[in-house]
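Given next are the chains, with one letter for each unit.
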Amino acid sequence: MALARAAGRAGAGAALALLWFLACALGDGDCHLLTVADLFDRVIRHSGRIHNLSTALYAELEKHVPSPDNELGKPARKCHTAGMLTPNGKEYAQKIPREELTHLILKLLQAWKEPLSHFNQHIEHHQELPDDSLSKAKQISNMVHELKTGVEKVTEKMQSMGIISNSLNGMASSEATGLSISNEANMMSDSDFIHCFRRDSNKVQSYLKILKCRIMPENSC
């Protein structure tokens, strides 16, 4: 019941969030009028909705489409983003330069864009899954695109204010990262796939909160 309520809240708020993200992406929104704190609050809330949806979807997949590996007692496949160097824990994340932490968030989001799109198409063939589960999978895929756009807008705002340097623009594009590891992601079972995504979505939300606190220490967080 708790998962259902969390997913419901996520779905209800997603529509309003989508309107804002799309408006910003098209340059029609009032993003430039919002403070950095406001922008961070919006992407953090959006990442929280994504994590709640993935938690609910994982529980539904475990119920309706259990992982074959788990049934046989075999270890789950390694997450396709396991090769990315990500800090474990708040203490280590706080030591990473702001630009690198921002880039890491964008890399994680990019790494999931294509795999989630493939997963969304694949999961439609699971006739045993309820329509609500299929809807969650589609929402997650769309919302990750929206979140990446939102984080890019926050990045632009920070750069324009001199909070972080423009060196982020010179870093290697993360487009190739998402493409090179997508095949590995497609080989995982459905529940393993969402389990991995749920783990990374939690990382993204945590890193966003840490980045906000480092930029605005007056929040005492």
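Placed above this text is the structure.
Per chain, residues are indexed from 1 in the order of the written sequence. The predicted nature of this model means local features are confined to residues of pLDDT at least 70 and side-chain atom pairs, given and counted, to a pLDDT of 80 or more, with totals for whole chains, interfaces and linings taken over all residues. For the side-chain quantities, the full set of heavy atoms in the structure was used; hydrogens and water were omitted.

## Structural notes on the overall build of the chain
Using the following cut-off: Think of it this way: any DSSP run of H or I at least four residues long counts as a helix, any run of E at least two long counts as a strand, and we number them from the N terminus. Accessible area is worked out with a 1.4 Å probe on protein chains only. A residue is then buried under 20% of its type maximum, exposed over 50%, and partly exposed in between. The criterion used for residue contact is that any of the two residues' heavy atoms lie within 4.5 Å.
Scanning the chain from terminus to terminus reveals nine helices and zero strands. If you list the helices and strands of the chain from N to C, you get α-α-α-α-α-α-α-α-α. Taken across its 221 residues, the chain has 48% of its residues classed as buried. In the chain, once contacts between residues fewer than 6 apart in sequence are set aside, the share between residues at least 24 apart is 86%.

## Structural notes on helix 9 (residues 190-215)
Cut-off, in case you're wondering: Take the number of residues in a helix, subtract one, and multiply by 1.5 Å to get its expected span.
Between its first and last C-alpha atoms helix 9 spans 37 Å; for 26 residues at 1.5 Å apiece the expected length is 38 Å, and the two agree. With 19 of 26 residues buried, helix 9 is to be regarded as a mostly interior element.

## What to know about the nonpolar core
How we decide: Here, nonpolar core means buried Ala, Val, Leu, Ile, Met, Phe, Trp, Tyr and Cys residues that are tied together by side-chain atoms lying within 4.5 Å of each other.
With 48 residues, the main nonpolar core has Phe40, Ile105, Phe119, Val151, Met158 and Leu208 as its most contacted residues. At the level of secondary structure, the elements contributing two or more residues to this core comprise helix 2 (36-64), helix 5 (98-123), helix 6 (131-160) and helix 9. Every residue in contact with Leu208, bar those within four places of it in the chain, is listed here: Phe40, Val43, Ile44, Ser47, Ile105 and Val151.

## A closer look at the pattern of salt bridges
Under the convention used in this document: Every case where a carboxyl oxygen of Asp or Glu lies within 4 Å of a side-chain nitrogen of Lys or Arg is listed as a salt bridge.
Under the criterion given, the structure shown has seven salt bridges. Between Lys212 and Asp41 there is a salt bridge; the shortest N-O distance is 2.5 Å. Of this pair, Lys212 sits in helix 9 while Asp41 sits in helix 2, and the two are 171 residues apart along the sequence. Assessed through its relative accessible area of 15%, Lys212 is described here as buried. Across the salt bridge formed by Asp132 and Lys136, the nearest N and O atoms sit 2.2 Å from each other. In this pair, Asp132 and Lys136 are both assigned in helix 6, four residues apart and thus about one turn of the helix distant. One salt-bridge network, in which partners are shared between bridges, spans Glu60, Asp132 and Lys136.

## Considerations on the environment of Gly150
Mapped onto the secondary structure, Gly150 falls in helix 6. Residues Gly150 and Leu39 lie 111 residues apart in sequence; the distance between their C-alpha atoms is 7.9 Å.

## So, the state of the cysteines
Here a disulfide denotes one covalent bond, and it connects the sulfur atoms of two cysteines. For clarity, the threshold we go by: Disulfides are defined in this document as cysteine sulfur pairs within 2.5 Å.
Enumeration over the complete set of coordinates arrives at one disulfide. What pairs with Cys79 in a disulfide is Cys196, and their sulfur atoms sit 2.0 Å apart. Between Cys79 and Cys196, the S-S torsion sits near -85°, and that sign places the bridge as left-handed. Note that Cys79 is positioned in the loop between helix 3 (68-71) and helix 4 (90-93) and Cys196 in helix 9, a separation of 117 residues in sequence. Accessibility assignment for this pair places Cys79 and Cys196 in one class, buried.

## What about the packing of helix 5 against helix 6?
Definition in use: Comment: axis = line fitted to C-alpha atoms, over the contacting stretch for helices; angle = value between 0 and 180 degrees taken between N-to-C directions. What sets the label is the angle itself: under 35 degrees gives roughly parallel, over 145 gives roughly antiparallel, 65 to 115 gives roughly perpendicular, and the rest give oblique. A clockwise turn of the near helix away from the far one marks a right-handed crossing, whereas an anticlockwise turn of less than a right angle marks a left-handed crossing. Residue polarity follows a fixed list, in which Ala, Val, Leu, Ile, Met, Phe, Trp, Tyr, Cys and Pro are nonpolar, Asp, Glu, Lys and Arg are charged, and the others, Gly among them, are polar.
Viewed as axis vectors pointing N to C, helix 5 and helix 6 meet at an angle of 160°, and their least axial separation amounts to 9 Å. Here helix 6 runs roughly antiparallel to helix 5, going by the angle between their axes. For the pair helix 5 and helix 6, the sense of crossing is left-handed. Residues of the contact of helix 5 with helix 6, tallied by class, amount to 13 nonpolar, seven polar and four charged.

## Section: the packing of aromatic side chains
For clarity, the threshold we go by: The aromatic pairing rule takes the rings of Phe, Tyr and Trp, using the six-membered ring of Trp, and pairs them if the centres are within 6.5 Å, calling planes under 30 degrees apart stacked, those over 60 edge-to-face and the rest tilted.
Tallied over the entire structure, the rule returns three aromatic pairs. Aromatic pair Trp112 and Phe193: ring centres 5.1 Å apart, planes at 80°, arrangement edge-to-face. Of the two residues, Trp112 sits in helix 5 while Phe193 sits in helix 9, which places them 81 residues apart along the sequence. We classify Phe193 as buried; its relative accessible area is 2%. Their ring planes at 15° and their centres at 4.7 Å tell us that Phe119 and Phe193 sit as a pair that is stacked. Taken as a pair, Phe119 in helix 5 and Phe193 in helix 9 lie far apart in primary sequence, 74 residues in all. Accessibility expressed as a relative area gives 6% for Phe119, which makes it buried. Counting every residue linked through ring pairs, the aromatic cluster contains Trp112, Phe119, Phe193 and Phe197.

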